[in-house]
Amino acid sequence: MSDSPSRSPRLTERPEWTALENHRKDALPQPDLRELFAADPGRAERYVVHVGDLRIDYSKHLVTDETLALLQELATATDVFGQRDAMFRGEKINTTENRAVLHTALRAPRDAVIEVDGENVVPGVHAVLDKMSGFANRVRSGEWTGHTGKRIRNVVNIGIGGSDLGPAMAYDALRPFTARELTFRFVSNVDGSDLHEATRDLDPAETLFIVASKTFTTIETITNATSARSWLLEGLGGDEKAVAKHFVALSTNAEKVAGFGIDVDNMFEFWDWVGGRYSYDSAIGLSLMIAIGPDRFLEMLDGFRIVDEHFRNAPAEANAPLIMGLLGIWYGNFHGAQSHAVLPYSHYLSKFTAYLQQLDMESNGKSVERDGNPVEWQTGPVVWGTPGTNGQHAYYQLIHQGTKLIPADLIGFARPVAELSDELKAQHDLLMANLFAQGQALAFGKTAEEVRAEGVPEEQVPHRTFKGNRPTTTILATELTPSVLGQLVALYEHKVFVQGAVWNIDSFDQWGVELGKVLAKRVEPALTEGADVPGLDPSTAALVAAYRNLREV
Ligand code: F6P
């Protein structure tokens, strides 16, 4: 494979890659943000890009104009924009699954034409959105009632991975826009405690289950949905007809939905060209739509579209996902950074980083190129983080003074969107002061001279010195509206795309999670039935035996 004469050069063989390596060695061996700003104060204004409502400041990065130009040359050499256009056109760029990658079609306007295998997919997208809107309105108004005639007051989404993280994250993010009289819960874990806690105080007669699963074969989801069905029937006297009023499905697999016993009229469809981790703006967002209402949901889709259009049309030097993707490559591939922190200064974005973990790590956690050759360069980073300011009192110490370089995104808003009391509203400035202070401290640190000037005893000086030069991107918007949330998610979706395009990997498959699923199915009978599992390795066999013994104690 690798010896084919027509093969384009591998990433690390490209002159653009070598130019970046040399630049790192010769021009920026010890990049220092104090010096970079002193030499070029204009970078504070120049290294800012605007997308929709987002102001993205990347001035506190270990880069110069030359670095950025060299990174752009790498993007050109690897044809990132050509690959982007192929995605938007609906080409089957997910080659290992032979699928198009068209989450962008989920937010395309009604009159757009995007073809997969010669068929325009946009009318289908809008037909489902219309069906979702009708249903969401009926639940919200009380017109859709449960089996006993009571109105629905509780909505429980059962799904996992992309069928959970997106709606759960967005529900939290948009809490101020939600119908507060309804209760929403999100169950994902096959640990029965998850469903137990989600349902223990609910009245089955008032509860709607949304079973969200692209494949409708995911063991965790189907197991939880089966248990939820039993809980419902037990609570409602066992009449099977109740299922139709209390269960709907979000899936690409009508046959399996019907097999489970859910009326396919109550199924909201999506398509194999929507990846699970790119799916919450599809039917997978039904719980969110019920929570915020169809209009707000459509505003969110508008937000996604703003960034899609930007990614498609903005020139390279002002293209936010491209710049963010390339900066990640600069650290991961040329500075040895292993991880990337996303630190939202908004309590409503508590689940945002967890959502991005799947988006980024399931997409770019790959170690072979598209043609199957092992990569010889680092690919996706470990993505982690929790909301500031909580993280500041936990792990920021390591970011400031540890031995690892951890680029971070700081995300904040000019004003809170919730209706807060004046006193609580005033806390917002304190929250944001923390964001700005962290960016400043991470970038510029504190020199030994500055520490000494404060009269600190000499033996403590090294401990109180901060080297700085910890890079951050600061993303600001006025407030966290549905549109802004859509913009943020699309920004990261396309950033992940850019990185996968440069690394020449398939960002849209996830074979790495399959092996664990298969093995779990093989091991399960050893636990449930005490069956012998042939071929179990000695370590796992010993664990299984220990588990069985402990269970009996
Ligand atoms: O964990 C792998 C995965 O396929 C994810 O990509 C997906 O989001 C999740 O499982 C859930 O899959 P499904 O929606 O088919 O239940």
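Just so you know, these numbers come straight off a predicted model, no measurement behind them. Residue numbers restart at each chain and count upward from 1, following the sequence in its written direction. Confidence filtering applies because this is a predicted model: local features only for residues at pLDDT of at least 70, side-chain atom pairs given and counted only at 80 or more, and all residues used for totals across whole chains, interfaces and linings. Note that the side-chain values use all heavy atoms of the structure and ignore hydrogens as well as water.

Peer 1: What am I meant to see in the site of the ligand here?
Peer 2: Any residue with a heavy atom lying within 4 Å of a molecule or strand is counted as near it. Taken together, 14 residues surround the ligand, and among them S163, S213, T215, T218 and E362 come closest. With respect to the ligand, the backbone of K214 contributes an N or O atom lying 2.7 Å from an oxygen atom. In this analysis a 1.4 Å probe is tested at points of a 1 Å grid over the protein atoms alone, and where it fits but cannot get out there is a cavity; an open set with protein on both sides within 12 Å along at least five of seven lines is a pocket; lining residues have an atom within 4 Å of a point. Grid points define the cavity or pocket, and a molecule sits in it when more than half of its atoms lie within 2 Å of them. Judged by the proximity of its atoms to the pocket grid, the ligand belongs to the largest pocket. Residue type decides the class: Asp, Glu, Lys and Arg count as charged, Ala, Val, Leu, Ile, Met, Phe, Trp, Tyr, Cys and Pro as nonpolar, and the leftover types, Gly among them, as polar. For the shell around the ligand, the class distribution of residues is 2 nonpolar, 9 polar and 3 charged. Counting of polar contacts relies on pairs of N or O atoms within 3.5 Å, with two restrictions inside protein: one atom must be capable of donating a hydrogen and the other of accepting it, and residues adjacent in sequence are counted only when both atoms are side-chain atoms.

Peer 1: Mind showing me how you'd approach the packing of helix α1 (residues 15–27) against helix α4 (residues 65–77) here?
Peer 2: For any two helices packed against each other, one specifies the inter-axial angle together with the distance between the axes. Here the axes come from fitting lines to C-alpha atoms, over the contacting stretch only for helices, and the angles between their N-to-C directions go from 0 to 180 degrees. Helix numbers and strand numbers start at the N terminus; a helix is a DSSP run of H or I with at least 4 residues, a strand a run of E with at least 2. Orientation of α1 relative to α4, taken along the N-to-C sense of each, is 165 degrees, at an axis distance of 9 Å. By the angle between their directions, the pair α1 and α4 is classed as roughly antiparallel. Crossing of α1 over α4 shows left-handed handedness. Residues E16, W17, A19, L20, H23 and A27 of α1 lie in contact with α4, whose contacting residues are E66, T67, L70, L71, E73, L74 and A77. Here the residues of the contact of α1 with α4 are counted per class, giving 8 nonpolar, 2 polar and 3 charged. These descriptions rest on fixed angle ranges, namely under 35 degrees for roughly parallel, over 145 for roughly antiparallel, 65 to 115 for roughly perpendicular, and the rest for oblique. Put simply, a crossing is left-handed when the front helix is turned counterclockwise from the back one by less than a right angle, and right-handed when it is turned clockwise. The contact rule is simple, with two residues in contact once any of their heavy atoms fall within 4.5 Å.

Peer 1: Looking at this structure, how should I read the packing of aromatic side chains?
Peer 2: For any pair of aromatic rings, the description rests on two quantities: the centre-to-centre distance and the angle between the ring planes. Ring geometry is summarised as follows: Phe, Tyr and Trp rings, the Trp one being its six-membered ring, pair when their centres sit within 6.5 Å, and such pairs are stacked at plane angles under 30 degrees, edge-to-face over 60 and tilted between the two. Taken as a whole and assessed by the stated rule, the structure comprises 22 aromatic pairs. Note on Y171 and F186: the rings are 5.6 Å apart at their centroids and 45 degrees apart in plane angle, and the pair reads as tilted. Of this pair, Y171 sits in helix α7 (residues 165–173) while F186 sits in strand β6 (residues 183–187), and the two are 15 residues apart along the sequence. When sorted by exposure, Y171 lands in the same class as F186, which is buried. Put simply, the rings of F88, Y278, F311, F497 and F508 pair up and form one aromatic cluster. In this structure, R84 is placed above the aromatic ring of F311, and the distance from its NZ or CZ to the ring centre is 5.9 Å. The cationic tip of K131 hangs over the ring face of F268; the distance from NZ or CZ to the ring centre is 5.1 Å. Relative accessibility thresholds used throughout: buried, under 20% of the residue-type maximum; exposed, over 50%; partly exposed, between the two (1.4 Å probe, protein chains only). Placement of a charge over a ring requires the Lys NZ or Arg CZ to be within 6 Å of the ring centre, with the centre-to-atom vector within 35 degrees of the ring normal.

Peer 1: When you look at the pairing of strand β10 (residues 339–344) in this model, what are you seeing that I'm missing?
Peer 2: Side-chain direction in a regular strand flips from residue to residue, so the side chains alternate between the two faces of the sheet. Burial of β10 is extensive: 6 of the 6 residues sit out of reach of the surface. Along β10, one buried face is formed by S339, A341 and L343 and the opposite face, lined by H340, V342 and P344, is buried too. Pairing between strands is defined by DSSP: at least two bridges between them are needed. As paired strands, β10 and strand β11 (residues 382–384) are joined by 3 bridges and run parallel to one another. Bridge assignment links S339 to a residue of β11, and that residue is V382. We call a crossover right-handed when, viewed with both strands directed away from the observer, the connection leading from the first strand over the helix to the second proceeds clockwise. Taking the sense of rotation as the criterion, the β-α-β connection linking β10, helix α15 (residues 352–364) and β11 turns out right-handed. In terms of strand pairing, β10 meets strand β12 (residues 408–413) through 4 bridges, oriented parallel. Bridging from a neighbouring strand, P344 pairs with I411 of β12.

Peer 1: Help me understand the domain arrangement of the chain in this model?
Peer 2: Many analyses report the size of an interface as the accessible area lost when the parts associate. As far as domains go, the chain holds domain 1 (11–78 + 300–504), domain 2 (104–292) and domain 3 (513–552). Here the limits of each domain have been adopted from an automatic or database domain assignment. For domain 1 versus domain 2, the separation of C-alpha centres amounts to 34 Å. The buried area of a pairing is the accessible area, by a 1.4 Å probe, that goes missing from both parts when the two are put together, added over both. Both faces considered, domain 1 and domain 2 share a buried interface measuring about 2200 Å² in area, 67% of it formed by carbon and sulfur atoms. For salt bridges, the criterion is a side-chain nitrogen of Lys or Arg within 4 Å of an Asp or Glu carboxyl oxygen. Taken together, domain 1 and domain 2 are joined by 4 salt bridges. Salt-bridge contacts for R107 lead to D308; the nearest nitrogen and oxygen are separated by 2.8 Å. The interface formed by domain 1 and domain 2 includes 9 residue pairs in polar contact (both at pLDDT 80 or more). Class assignment for the residues of the side of domain 1 that touches domain 2 results in 17 nonpolar, 4 polar and 6 charged.

Peer 1: I tried to follow the layout of surface pockets on my own but got confused; where do I start?
Peer 2: To locate leftover empty space, one rolls a probe as large as a water molecule over the atoms. Considered as a void within the structure, the largest pocket measures approximately 1100 Å³ in volume. Those elements giving two or more residues to the lining of the largest pocket turn out to be α9 (219–235), α15, α21 (514–528) and α22 (538–552). With 10 residues, the single largest contributor to the lining of the largest pocket is α21. Split into classes, the residues belonging to the lining of the largest pocket amount to 16 nonpolar, 19 polar and 12 charged. Residue assignment places the lining of the largest pocket across two domains, with domain 2 (104–292) and domain 3 (513–552) each supplying three or more. Grid points are joined across faces, edges and corners, and a volume is the space filled by probe spheres set on the points.

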